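Listed below, chain by chain, are the residues.
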Amino acid sequence: MKQKIISNSKSTHGLKPSCLSFGEVLAQSFAVIAPTTIPASNIGLIVALSGKGAWLSFLIGLIGLVLVSININQFASRSASPGSLYSYIVKGLGPTAGVICGWSLVLAYLFTGMSVLCGFANFSGILIGHLGIHPSSITLLALGAGIAWYAAYKDIQLSAMAMLWLEGISLALIAVLCAMVWANKGFALDMSQLTLSDVTPGKVATGLVLVMFAFSGFESATSLGDEAKKPLQTIPRSVIGSVVLAGLFYILTTYIEVLGFNNTGVSITETEEPLRFLSQQVGMGFLGEFIAFGALFSFFACVLGCINPAARVFFMMARHGLFYSKLGAAHSFNRTPHIAVTLCSFAIFLVPAVMSLFNIKLFDSMGYLGAICSYGFLTVYILISLAAPVYLYQIGKLRLHHVVFSVLAVAFMMIPVLGSVGVPGSSMFPVPDAPYDVFPYLFLMYLVVTCGTFVLQRLRSPSIVAEMRQGVEEIHARFSDRDRL
């Protein structure tokens, strides 16, 4: 009973306290994962890398990120705040590692939002084009970013419910279509997939690079620490639940889609809208049209899902003196970090708009921005996996299996890191083609500049470190009684 009173106490940050149910918190993670977009548009890219072993790449990805989520939940089950993994890593590894995490999270969420905003504009342009209407790319980008800004600015419950319904409807439609495709195949077992015909370990490993991006953002529910009901319960369940549900969905839909393309004369690797093609194969073309609209909504929900956590990370870092202090203000009526929301929404619109002005296609922009964001997520996942055993040691609860989970999670995350950077002369992890080969170094430059700014702040004002530690300690103190219950 005591824990319930503590976890539901008034927010110390001015946000709307204890307003989100488990389903709404889960919706936040699902929105950033955007599972609809993989089977609806991107599955061909993964199959091109993994071949008949695409389902296995997703299974390995599921296992690896369950390990990461276990490390995250060592913190999430003991404390909660709008700072997401930033606050956790400050607690475990100190302010400098926390700043690296914070800036990595900001980049990861913003660039994910930019990437899917490009997807939204590209997809909506195609659908509207069928009606003979051809709005400019910038108009569509502004429309998507503007609506997402309003939902995030106005009410976290409004945005959470929108994400829950939009993504839920899309997933249901895809599940229905996949069931029909499998039934049309007589519920046959595809032995070429199950026996991994012509699949090498290198193919499965290379496919993991895109699989990581497919799962990225599952931890975003941790940014709702003030707004979730019973956060020490709902947030950990949402973190691991989103990974498991998305992973199972990916495995099943990948298996059925690859099966559905067998003996059709069409390659799934060359099809941009595989579900529309499969719906026509089973005589339910209208279902493919509904799914296309569902995918459009999923792109939008992901934009909204990225604005919410990015704004809250900005919000907490500003309150620790790392940004302009106004970013740490909450709206007096809406109880949202409205200034941070506005800044994030504008940034998510601005970068794709500038790229469009330079005649870079929306589809290409989506790929470039999506590749860059993956480095932010991988950095954070590695840091949180290192921080968990350190934190448990600090509170006297470290056990051998915690160290094993940490080591396995870090080792697993290094696979997509190698796949992203490449190893010269390696057939398993070849160096990516341009411009993807320079993206890792751009990310490193970004960290040098942002973290270099923190070093200068630290030299000018040594008290900033103490303020960061105090802010995080106060958050953890709010939940310290939980361990004594």
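This text goes with the structure placed above it.
Note that the coordinates shown come from a computational prediction; the quantities given were computed from them, not determined experimentally.

**Student:** Would you take a moment to explain the overall build of the chain for this structure?
**Tutor:** The number of helices and strands found in the chain is 18 helices and zero strands. Each of the 485 residues in the chain was classed as buried or not, and the buried ones make up 57%. Within the chain, contacts between residues at least 6 apart in sequence are counted, and of these 82% link residues at least 24 apart. Surface exposure of the chain reaches about 19,200 Å², of which carbon and sulfur atoms provide 69%.

**Student:** Mind showing me how you'd approach unusual backbone geometry here?
**Tutor:** The phi angle of most residues is negative, glycine excepted, and most peptide bonds adopt the trans form. The backbone phi angle of phenylalanine 187 is positive, close to 50°, even though this residue is not glycine. Residue placement: phenylalanine 187 occurs in the loop between helix 8 (156-184) and helix 9 (191-194). The backbone phi angle of asparagine 359 is positive, close to 60°, even though this residue is not glycine. Residue asparagine 359 is classed as exposed on the basis of its relative accessible area of 70%.

**Student:** So what exactly am I meant to see when it comes to the environment of tyrosine 446 here?
**Tutor:** Following the sequence through the fold, tyrosine 446 ends up in helix 17 (residues 439-460). Separated by 343 residues in sequence, tyrosine 446 and tryptophan 103 have C-alpha atoms that sit 8.8 Å apart. Discounting residues that sit within four places of it in the chain, tyrosine 446 has contacts with Trp103, Val106 and Leu107.

**Student:** Would you mind going over the nonpolar core with me for this structure?
**Tutor:** As a rule of thumb, nonpolar side chains are buried together in soluble globular proteins. Of all hydrophobic cores here, the largest spans 127 residues; its most connected members are Phe58, Leu65, Val68, Phe215, Phe218, Tyr250 and Met413. The element contributing the most residues to this core is helix 15 (residues 362-394), with 18 residues. Dropping the residues within four chain positions of it, phenylalanine 215 is found in contact with Ile33, Phe58, Gly61, Leu62, Leu65, Val243, Ala246, Gly247 and Tyr250.

**Student:** In this structure, what is going on with the side chain of threonine 36? I would like to understand it.
**Tutor:** Residue placement: threonine 36 occurs in the loop between helix 2 (22-33) and helix 3 (37-50). If near-sequence neighbours (up to four positions away) are discounted, threonine 36 is found in contact with Glu167, Ser170, Leu171, Ile174, Gly294, Ala295 and Ser298.

Conventions adopted
Each chain carries its own residue numbering, running from 1 in the written order of its sequence. In keeping with the predicted nature of the model, local features appear solely for residues at pLDDT of at least 70, side-chain atom pairs appear and are counted solely at 80 or more, and the whole-chain, interface and lining totals rest on all residues. Calculation of side-chain values draws on the structure's entire complement of heavy atoms; hydrogens and water are dropped beforehand. Working definition: helices are DSSP H or I runs of at least four residues, strands are E runs of at least two. Numbering for both runs from the N terminus. To sort residues, take the accessible area from a 1.4 Å probe on protein chains only and compare it with the maximum for the residue type: under 20% means buried, over 50% means exposed, and anything in between is partly exposed. Any two residues whose heavy atoms approach within 4.5 Å at even a single point are treated as in contact. Accessible surface area values rest on a Shrake-Rupley calculation with a 1.4 Å probe, where residue burial reflects the displayed protein chains alone. Among buried residues, those of type Ala, Val, Leu, Ile, Met, Phe, Trp, Tyr and Cys that are joined through side-chain atoms within 4.5 Å constitute a nonpolar core.

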